[in-house]
Amino acid sequence: MKIIADTGKCVGAGQCVLTEPALFDQSEDDGTVIVLNETPEGELVEKAREAVNVCPSQALSLQD
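Keep in mind the model is a prediction, meaning the values are calculated, not measured.

Even after reading the chapter, I still don't get the overall build of the protein, so can you show me in this structure?
A count of helical and extended segments in the protein gives two helices and four strands. N-terminal to C-terminal, the α/β element order of the protein is β-α-β-β-α-β. By the compact-globule yardstick of 11 Å for 64 residues, the protein fits well, its C-alpha radius of gyration being 10 Å. Dimensions of the protein, computed from the C-alpha atoms along their principal axes, are close to 30 × 20 × 15 Å.

In structure tokens:
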């Protein structure tokens, strides 16, 4: 699985970071998402799915 982030869609709400700070951060410049680990494993896979579901701008997606 790979996390795909569309920074053009990201509104900087930070829900992904709140869901799992080991996978996501935010740019200091504009608050857009930064993916820290594009290929999560184990428990982080479920956290990645949760972050995709809570993203208000639908900027995150998962690729198998």
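What is the right way to look at empty space enclosed by the protein in this model?
Over the atoms a probe the size of a water molecule is rolled, and this reveals where empty space is left. Overall, the coordinates contain one cavity of 30 Å³ or more when judged by the stated rule. Roughly 100 Å³ of volume is contained in the largest cavity. Forming the boundary of the largest cavity are 15 residues, of which Cys 10, Ala 13, Gly 14, Cys 16 and Cys 55 lie nearest the centre. Partitioned by chemical class, the residues of the lining of the largest cavity number nine nonpolar, six polar and no charged.

Please clarify how the nonpolar core should be interpreted in this entry.
One broad trend across soluble globular proteins is that nonpolar side chains are buried collectively. With twelve residues, the main nonpolar core is built from Ile 3, Cys 10, Cys 16, Val 17, Leu 23, Phe 24, Val 33, Ala 48, Ala 51, Cys 55, Ala 59 and Leu 60. Residue assignment for this core shows that the elements contributing at least two residues are α1 (15-19) and α2 (43-54). Beyond its immediate stretch of four places on either side in the chain, Ala 59 contacts Ile 4, Ala 5, Asp 6, Lys 9 and Cys 10.

What should I look at first to understand the environment of Lys 47 in this one?
With respect to the helices and strands, the residue Lys 47 is situated in helix α2. Classification of Lys 47 as partly exposed rests on a relative accessible area of 30%. Separated by 30 residues in the primary sequence, Lys 47 and Val 17 have C-alpha atoms spaced 10 Å apart. In contact with Lys 47, not counting residues within four places along its chain, are Thr 19, Glu 20 and Leu 23.

Conventions we followed
- Residues numbered from 1 in each chain as written.
- Predicted model: local features only at pLDDT ≥ 70, side-chain atom pairs only at ≥ 80, totals over all residues.
- Heavy atoms only, no water.
- Helix = DSSP H or I, 4+ residues; strand = E, 2+ residues; numbered from the N terminus.
- Rg over C-alpha atoms; globule rule 2.2 N^0.38 Å.
- 1 Å grid on protein atoms, 1.4 Å probe; cavity = no way out; pocket = protein on both sides within 12 Å on 5 of 7 lines; lining within 4 Å.
- Points joined across faces, edges and corners; volume = space filled by probe spheres on them.
- Nonpolar A, V, L, I, M, F, W, Y, C, P; charged D, E, K, R; others polar.
- Core = buried A, V, L, I, M, F, W, Y, C linked by side-chain atoms within 4.5 Å.
- Buried < 20%, exposed > 50% of the residue type's maximum accessible area, 1.4 Å probe, protein only.
- Contact = heavy atoms within 4.5 Å.

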